[in-house]
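Here's the letter readout for the chains.
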4 protein chains.
Amino acid sequence: MSIAKRPSFGSDYLEGAHPAILQRLVETNLEQSAGYGTDTYSESARNKIRSACRAPEAAVFFLVGGTQANATVIDAILYSYQGVLAAETGHISIHEAGAIEASGHKVLPLPQTNGKLSAKDICHYLDRYWKDETHEHMVMPGMVYLSQPTEYGTLYSLSELKEISEICHRNQIALYVDGARLAYALACPENDVTLPDLAALCDAFYIGGTKCGALFGEAVVVPRHNFIPHFFTIIKQHGALLAKGRIAGIQFETLFTDNLYEKIGQTAIEAAGRIRNALYDKGYKLAIPSPTNQIFIELDKAQLAALSDKVELGFWENLDENRIIMRIATSWATRKEDVDQLIASL
Amino acid sequence: MSIAKRPSFGSDYLEGAHPAILQRLVETNLEQSAGYGTDTYSESARNKIRSACRAPEAAVFFLVGGTQANATVIDAILYSYQGVLAAETGHISIHEAGAIEASGHKVLPLPQTNGKLSAKDICHYLDRYWKDETHEHMVMPGMVYLSQPTEYGTLYSLSELKEISEICHRNQIALYVDGARLAYALACPENDVTLPDLAALCDAFYIGGTKCGALFGEAVVVPRHNFIPHFFTIIKQHGALLAKGRIAGIQFETLFTDNLYEKIGQTAIEAAGRIRNALYDKGYKLAIPSPTNQIFIELDKAQLAALSDKVELGFWENLDENRIIMRIATSWATRKEDVDQLIASL
Amino acid sequence: MSIAKRPSFGSDYLEGAHPAILQRLVETNLEQSAGYGTDTYSESARNKIRSACRAPEAAVFFLVGGTQANATVIDAILYSYQGVLAAETGHISIHEAGAIEASGHKVLPLPQTNGKLSAKDICHYLDRYWKDETHEHMVMPGMVYLSQPTEYGTLYSLSELKEISEICHRNQIALYVDGARLAYALACPENDVTLPDLAALCDAFYIGGTKCGALFGEAVVVPRHNFIPHFFTIIKQHGALLAKGRIAGIQFETLFTDNLYEKIGQTAIEAAGRIRNALYDKGYKLAIPSPTNQIFIELDKAQLAALSDKVELGFWENLDENRIIMRIATSWATRKEDVDQLIASL
Amino acid sequence: MSIAKRPSFGSDYLEGAHPAILQRLVETNLEQSAGYGTDTYSESARNKIRSACRAPEAAVFFLVGGTQANATVIDAILYSYQGVLAAETGHISIHEAGAIEASGHKVLPLPQTNGKLSAKDICHYLDRYWKDETHEHMVMPGMVYLSQPTEYGTLYSLSELKEISEICHRNQIALYVDGARLAYALACPENDVTLPDLAALCDAFYIGGTKCGALFGEAVVVPRHNFIPHFFTIIKQHGALLAKGRIAGIQFETLFTDNLYEKIGQTAIEAAGRIRNALYDKGYKLAIPSPTNQIFIELDKAQLAALSDKVELGFWENLDENRIIMRIATSWATRKEDVDQLIASL
């Protein structure tokens, strides 16, 4: 084991893949299939995703990782003179090493609350842009980027998403949702945004695999027919085309068979729920009101040291000399006994 | 099976992974490990590769695919005003959808023979460039890109590689080798270029996994210490950083344990040898004198139709109305009985 | 004088501007006007150009130089996954330091004859591309780039241009003409392509100012309404927007008043005609059959040394140890007495 | 006249060029000179600038405009994985249409006060970046961009500039100063930063011409020898190389002869001083304490309407329904009688 024997809650991508996925990779391993996503497993996976999204016209593409998916989709949709509006805490704003700018597009940062953009701030930005006499000298906003759940584990409600979608389409800009942890939103009792809602309201979104039970892989869904012409070539140009496309296809086919994607989410959400209840009971302070699989707690150094003997948490942020925000992430792979151990250590 | 029951020789990435790789993924699946290549499997894989290359200072990075590796390495090494010399048939020249140009660098095409550049042509280009009074208005050559074996299955000899390396370093430009099918060069009796040779002569090269037994993955080797500062961030910026880095690490650790990478090459080369002998015996015309796992044969339409009932070949090029070049590719996964069937069908 | 007292025929941008242009700059100097091309001089210049092109719907933009105009227009028209077909001797292929690639687009080189592309080669490339089974892995051709006159001083005839335009539009790709030296084509007796022809056949072209009598400046003409949306912002993004747009506007207004642009061409063409006749008479060998303001002659070293005492020519290319191609360029500023001196020196 | 007969204080680039510049262009017009800045005027201008900066080793390049200079210099200095720190109100942050991002670099916005960055905020950002455990996933700060004077007409003091320079060099990042309006800083009594100070403290800066008396042109100064290798080719690649380089060279030679650049600044600063005194006397509220040639005043709509009958001001920003910030800009071309008229109208 590459980390000490303590169970880790450091992130939601600590293990390999859900065993059902590995099993399918083993079963199909010696079959021969065509490359680049033209195989029957990928086709089947695409159909299952279209069906789950009630989007029969949707184009579905399997990319390897989140930064890659974001950079490729955003570059594919924007014109060269356009930028993308995102929360200043959004993954593309901070943690993608400038991948969006590397393809020539500015990330236009907006203020956020608990990782979320407000319809009002988006509206205000667009209004100011178009009214500014010098707007032709500025980067034209061409897209809104959201993450569901956000980097802080929070959720957009259906009514919030509808309002933002309406603003985007009234302003003729695209709405794109980063669903790196989408399984953990879909399984969350507080959530009222379904896959068909995303397909109805977004111009593109991706269903996260890497953090939701796959070895790797993100399924980009483009609901409207031919909304991104020649996306295959764009993916290739971004170095994002898998030769053995079936490896992603088999994974997503498995995730969308027998509700596995839902179950993966539920396992994580139930574990997070137990932990959250224990934290409330014991009087810990939660830094962010996140209902999904990420929990952010404030600890002082002594508390952290004590906890760290028993379980590994994820460092998030120093608040001051003595207080720290730590992240507890659960996943499809979180074991009941490890949650017990964490709770016992609190 | 996603292709008809005929065995296919259409490419060398038709199957999943070598069973030993899948087995290791299954064995390690529920272990928890740190992300982004900082896990112990990746570290072990890096050490084994350093050892195989006799390059103890080498930096080793695991990327997902060939186009991605090429685009990332080339962009990392070149200055913004530099381009890369490559055979006009090179993978980066034609089949990467402009990935090199997408990061701002021109591919400077050179003439080739059976996919190979000559030292003389490289030298001539560099001399002409530097003597041209207007060279400051031109793209400065900053790198030579070779593939070993080439896209046509041919090989650079050690003396050829040494000569090209010497030219590059005399001209203070980098030498980079694309080893997408490197296992099939290393196992080839005609080959005299070893991994330590590549490490000694190149500024960077990659050891191909996708076409040599892995689910995916290419190991980029940068022999000299700190030759590419901040390459981690550059990889991230190119959308090429795997969150679950261990999935690549475990694969390469397995490939470099018990000589698996060599054996994979040998299986393919032996199969190709048998097929090649049968083709000679039966008087087929080989379009290119390739000693590795790719065989290019000229067929007329009747021959092709007859063969295609029994085995699947890969389309390469139309020669004229009636004659076609087809590719036969073997791999680690090529089965003796399928080779028998192919030979019987000739 | 910054070059020795010998008259120079080294290029067509050795002097400042046509005196009529300087005079207008002086006359209008202290007027106050709005920036970025919104002034009345620029508007008047645009109207005169629309009128000369018989293209009342045309958008006209004034950029500073040729490389800048090419890079900006090509980037504005192409999608991110598209490249531009150009003669392997085209300015964008060689002498723009990779400006096209710097904005992410591959220049797809085609063979040429005396600097010209043939309709047949363009057709052949497009056919092969679309028939290639792997074309989705390749850069999609999105534009044909021509120069009129070419870098070798040669001309496309109207029938050639019509044929290429027809091929482009049948294949739904753009046709763009670089007119850096357009005045010298328009004034050439051999030429049958007018400004209205260019406006009718091209998707964009530019009317060269820098080499045709202006201090600097190129007028980009986009004949069809709104063919390049938001081109103003694209120009700004390329660093190609003049704050004092009127400086370009006044120059082009002057060039398109009282047929000055024609006269500028005629002066150069007449001088070139006299020189060409003298060269024929004296048995010099012309390297390229160019009818415009550039003459390419083969000289041996002794001839060159003798000539260079009297006049300055432009170096073009070494043919072998002893023979050299030199360029003689005339312009709007070429003086009769300098031509006399050149002819006397032959 | 392209704007109504009212004198305009709308910007500092309303007129052509200082008459001394036009006169030199006329005098030298028919001389023949080599291109691309290799002429003797450009060489003389470079020497005069080196001398004014007491930077005998400095490389000096003449570019056309400010956005172009910024995009070219920043791209030349940064590595592909680096971004540039700038005030969120900086020209590159807002008004360059994403030119910095178009060459792949993120502008990292910092808070500002009256357009100025503080050493403390820069320091804080750098410290946080390097201490962040995930900083390798982020854009690495590689440069600080300042403008002197700022977009709000304010000035960095010598001690402030020294402190920022010290921070940059301790952190091994570059310091770059945008001097679009540098003449108006240099002539300002409040200013204590000289050209030699800029050369001593910055890695690159530009001396603005467009807004300081030239038709166009910015002189980029790189004080340390070979700090930007192959900058000529980088300029060409950015479409920023003037064919007739002498047109810029003659302008800057004139600006740096007989202290013309200083005088240009003084004219503007004296005019601004008179206006500012009148505004104080009459109780107008200045929105920003700017000592240079830009004055920002708060007006209500009635005041604005009354003033606009007599003089033209520049719109800056709406404060609320009734109150507006307007900009008054003076320049080398501001006439005493126009200032009188403005003051009389207050």
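This one's a predicted model, so the numbers in the text were calculated from it and none came from an experiment.

Some details on the overall build of chain A
Right, on to step 1. In terms of helices and strands, chain A carries 14 helices and 11 strands.
Right, on to step 2. Relative to the globule expectation of 20 Å for 346 residues, the C-alpha radius of gyration of chain A, 20 Å, shows essentially globular dimensions.
Right, on to step 3. The C-alpha extent of chain A, read off along each of the three principal axes, is 60 × 55 × 35 Å.
Right, on to step 4. Taking the contacts inside chain A whose residues are at least 6 apart along the sequence as the reference set, 75% of them involve residues at least 24 apart.

Description of the domain arrangement of chain A
All names here are of chain A.
Right, on to step 1. For chain A, the assigned domains are domain 1 (19-255) and domain 2 (262-345).
Right, on to step 2. Using only C-alpha atoms to locate each centre, domain 1 and domain 2 end up separated by 28 Å.
Right, on to step 3. Residue-level contacts link 16 residues of domain 1 with 14 residues of domain 2.
Right, on to step 4. Considered class by class, the residues forming the side of domain 1 that touches domain 2 number 10 nonpolar, four polar and two charged.

Quick look at the relation of the copies chain B and chain A
Right, on to step 1. The transform that puts chain B on chain A rotates by 180 degrees and translates by 0.0 Å along the axis, for an RMSD of 0.0 Å. Within this description, the copies of the chain are treated as partners about a two-fold rotation axis.
Right, on to step 2. Most of the interface of chain B is mirrored in chain A, where 100% of its interface residues are also at the interface.

Quick look at the interface of chain B and chain C
Right, on to step 1. At the interface, 17 residues of chain B touch 17 residues of chain C.
Right, on to step 2. Partitioning the side of chain B that touches chain C into residue classes produces seven nonpolar, seven polar and three charged.

Focus on the relation of the copies chain B and chain C
Right, on to step 1. Screw-axis analysis of chain B against chain C gives a translation of 0.0 Å along the axis, an RMSD of 0.0 Å, and a rotation angle of 180 degrees.
Right, on to step 2. Looking at the interface residues of chain B, 100% of them are also at the interface in chain C, so both copies use one shared face.

Quick look at the nonpolar core
Right, on to step 1. Among the nonpolar cores identified, the biggest contains 476 residues, and Val 221 of chain A, Val 221 of chain B, Val 221 of chain C together with Val 221 of chain D are the most heavily contacted of them.
Right, on to step 2. When neighbours within four sequence positions are excluded, Val 221 of chain A is seen to be in contact with Ile 49, Cys 53, Ala 55, Ala 58, Val 60, Ala 199, Ala 204, Phe 205, Tyr 206 and Ile 207 of chain A.

Considering the interface of chain B and chain A
Interface size is commonly expressed as the accessible surface area that is lost when the partners come together.
Right, on to step 1. Counting from both sides, the interface comprises 51 residues of chain B and, opposite them, 51 residues of chain A.
Right, on to step 2. Listing elements by their share of the side of chain B that touches chain A, those giving two or more residues are helix H1 (19-27), helix H2 (40-52), helix H3 (66-77), helix H5 (99-102) and helix H10 (231-237) of chain B.
Right, on to step 3. Partitioning the side of chain B that touches chain A into residue classes produces 25 nonpolar, 20 polar and six charged.

So, the sheet that holds strand S1 (residues 59-63) of chain B
Residues and elements named next belong to chain B.
Right, on to step 1. Across the sheet, seven strands lie side by side as S1-S7-S6-S5-S4-S2-S3; this open sheet has mixed pairing. The sheet terminates laterally at S1 and strand S3 (107-110), the two strands that pair on one side only. Across the sheet, the mean angle from the axis of one strand to that of its neighbour is 25 degrees, orientation sign disregarded.
Right, on to step 2. As paired strands, strand S4 (residues 140-147) and strand S5 (residues 174-179) are joined by five bridges and run parallel to one another. Bridge pairing in S5 places Met 143 opposite Ala 174.
Right, on to step 3. Relative to the sheet, helix H6 (residues 119-131) contacts strand S2 (82-87), S3 and S4, its axis offset from that of S4 by approximately 170 degrees.
Right, on to step 4. Across the face of the sheet, helix H7 (residues 158-170) comes into contact with S4 and S5 while running at roughly 140 degrees to S5.

Side note on the environment of Thr 292 of chain B
All names here are of chain B.
Right, on to step 1. Position of Thr 292 among the secondary structure elements: in the loop between strand S8 (285-286) and strand S9 (294-300).
Right, on to step 2. A tally of 28 C-beta atoms within 10 Å means that Thr 292 is categorised as buried.
Right, on to step 3. For the pair formed by Thr 292 and Cys 188, sequence separation is 104 residues and the distance between their alpha carbons is 6.1 Å.
Right, on to step 4. In contact with Thr 292, other than residues within four places in its own chain, are Pro 149, Gly 153, Leu 155, Arg 181, Tyr 184, Ala 185, Cys 188, Ile 269 and Ala 272.

Regarding helix H12 (residues 260-281) of chain C
All names here are of chain C.
Right, on to step 1. Taking 1.5 Å per residue, 22 residues should reach 32 Å; H12 reaches 32 Å between its end C-alpha atoms and fits that length.
Right, on to step 2. Among the residues of H12, those classed as buried are Tyr 261, Ile 264, Gly 265, Thr 267, Ala 268, Ile 269, Ala 271, Ala 272 and Ile 275.
Right, on to step 3. In this structure, the buried residues of H12 make contact with helix H8 (182-186), helix H11 (245-255), strand S9 (294-300), strand S11 (323-329) and helix H14 (336-345).
Right, on to step 4. Two residues or fewer after H12 comes Gly 283, characterised by a positive phi angle close to 80 degrees.

So, the sheet that holds strand S8 (residues 285-286) of chain A
Residues and elements named next belong to chain A.
Right, on to step 1. Taken in spatial order, the four strands line up as S8-S9-S11-S10 in an open sheet, and their pairing is antiparallel. Across the chains shown, the open sheet's two edge strands, defined by having one partner strand only, are S8 and strand S10 (314-318).
Right, on to step 2. Across two bridges, the pairing between S8 and strand S9 (residues 294-300) is antiparallel. Bridging across to S9, Lys 285 finds its partner in Glu 298.

Points about the packing of helix H12 (residues 260-281) of chain A against helix H14 (residues 336-345) of chain A
Residues and elements named next belong to chain A.
Right, on to step 1. It is at 10 Å that the axes of H12 and H14 come closest, and there the two elements cross at 10 degrees. With respect to their mutual orientation, H12 and H14 come out roughly parallel. Counting all contacts with H12, which are made through Ala 271, Arg 274, Ile 275 and Ala 278, the residues of H14 involved are Val 339, Leu 342 and Ile 343.
Right, on to step 2. In the contact of H12 with H14, the residues fall into six nonpolar, no polar and one charged.

What to know about unusual backbone geometry
Right, on to step 1. Omega for the bond connecting Gln 148 of chain B with Pro 149 of chain B falls within 30 degrees of zero, at -10 degrees, which places this linkage in the cis form.
Right, on to step 2. Topologically, Pro 149 of chain B is positioned in the loop between S4 and H7.
Right, on to step 3. Even without a glycine there, the phi angle at Tyr 36 of chain A is positive, about 60 degrees.
Right, on to step 4. Classification of Tyr 36 of chain A as partly exposed rests on a count of 19 C-beta atoms within 10 Å.
Right, on to step 5. Even without being glycine, Ala 97 of chain A reaches a positive phi, approximately 55 degrees.
Right, on to step 6. With respect to the helices and strands, the residue Ala 97 of chain A is situated in the loop between helix H4 (91-94) and helix H5 (99-102).

Examining the pairing of S9 of chain B
Residues and elements named next belong to chain B.
Right, on to step 1. Among the seven residues of S9, five are classified as buried, and the element is accordingly described as predominantly covered.
Right, on to step 2. As paired elements, S9 and strand S11 (residues 323-329) share seven bridges and run antiparallel to each other. Within the sheet, the bridge partner assigned to Ile 297 lies in S11 and is Met 326.

Comments concerning the packing of helix H1 (residues 19-27) of chain C against helix H1 (residues 19-27) of chain D
When two helices pack together, their arrangement is given by the angle between their axes and by how far apart the axes lie.
Right, on to step 1. Two elements in contact, H1 of chain C and H1 of chain D, have axes separated by 11 Å at closest approach and are oriented at 165 degrees. Our classification of the angle between H1 of chain C and H1 of chain D gives roughly antiparallel. For the pair H1 of chain C and H1 of chain D, the sense of crossing is left-handed. Packed against H1 of chain C, whose contacting residues are Leu 22, Leu 25 and Val 26 of chain C, the element H1 of chain D presents Leu 22, Leu 25 and Val 26 of chain D at the interface.

Focus: the confidence of the model for chain A
Close inspection of predicted coordinates is inappropriate in any region flagged by low pLDDT.
Right, on to step 1. Taken over all residues, the pLDDT of chain A has a mean of 96, while the share at 70 or more is 99%.
Right, on to step 2. Taken over the whole predicted complex, pTM reads 0.97, whereas the ipTM for its chain interfaces reads 0.97.

Comments concerning the environment of Ile 21 of chain B
All names here are of chain B.
Right, on to step 1. Its location among the elements puts Ile 21 in helix H1.
Right, on to step 2. Note on Ile 21: 23 C-beta atoms within 10 Å, which makes it buried.
Right, on to step 3. Residues Ile 21 and His 105, 84 residues apart in the sequence, show an inter-C-alpha distance of 36 Å.
Right, on to step 4. Not counting chain neighbours up to four residues away, the residues in contact with Ile 21 comprise Gly 213, Ala 214, Leu 215, Gln 251 and Thr 254.

Comments concerning the pairing of strand S4 (residues 140-147) of chain D
Residue and element names in this part refer to chain D.
Right, on to step 1. Burial within S4 is extensive, with eight of its eight residues counted as buried.
Right, on to step 2. Sheet analysis places strand S2 (residues 82-87) next to S4, joined by five bridges and oriented parallel. Paired with Leu 85 across the two strands is Val 144, which belongs to S4.
Right, on to step 3. Remark: the S4/helix H7 (residues 158-170)/strand S5 (residues 174-179) crossover connection has right-handed handedness.

Basis of the calculations
Residues numbered from 1 in each chain as written. Chains lettered and ligands numbered in written order. Predicted model: local features only at pLDDT ≥ 70, side-chain atom pairs only at ≥ 80, totals over all residues. Helix = DSSP H or I, 4+ residues; strand = E, 2+ residues; numbered from the N terminus. Rg over C-alpha atoms; globule rule 2.2 N^0.38 Å. Contact = placed C-beta atoms within 7 Å. Domains from an automatic or database assignment. Nonpolar A, V, L, I, M, F, W, Y, C, P; charged D, E, K, R; others polar. Least-squares fit on C-alpha atoms with pLDDT ≥ 70 in both. Core = buried A, V, L, I, M, F, W, Y, C linked by C-beta atoms within 7 Å. Buried ≥ 20, exposed ≤ 12 C-beta atoms within 10 Å, placed from the backbone. Pairing = 2+ DSSP bridges. Axes fitted to C-alpha atoms, helices over the stretch in contact; angles between N-to-C directions. Expected span 1.5 Å × (residues − 1). Parallel < 35°, antiparallel > 145°, perpendicular 65-115°, else oblique. Left-handed = near helix turned anticlockwise from the far one by under 90°. pLDDT = per-residue confidence, 0-100. Right-handed = clockwise from strand over helix to strand, strands pointing away.

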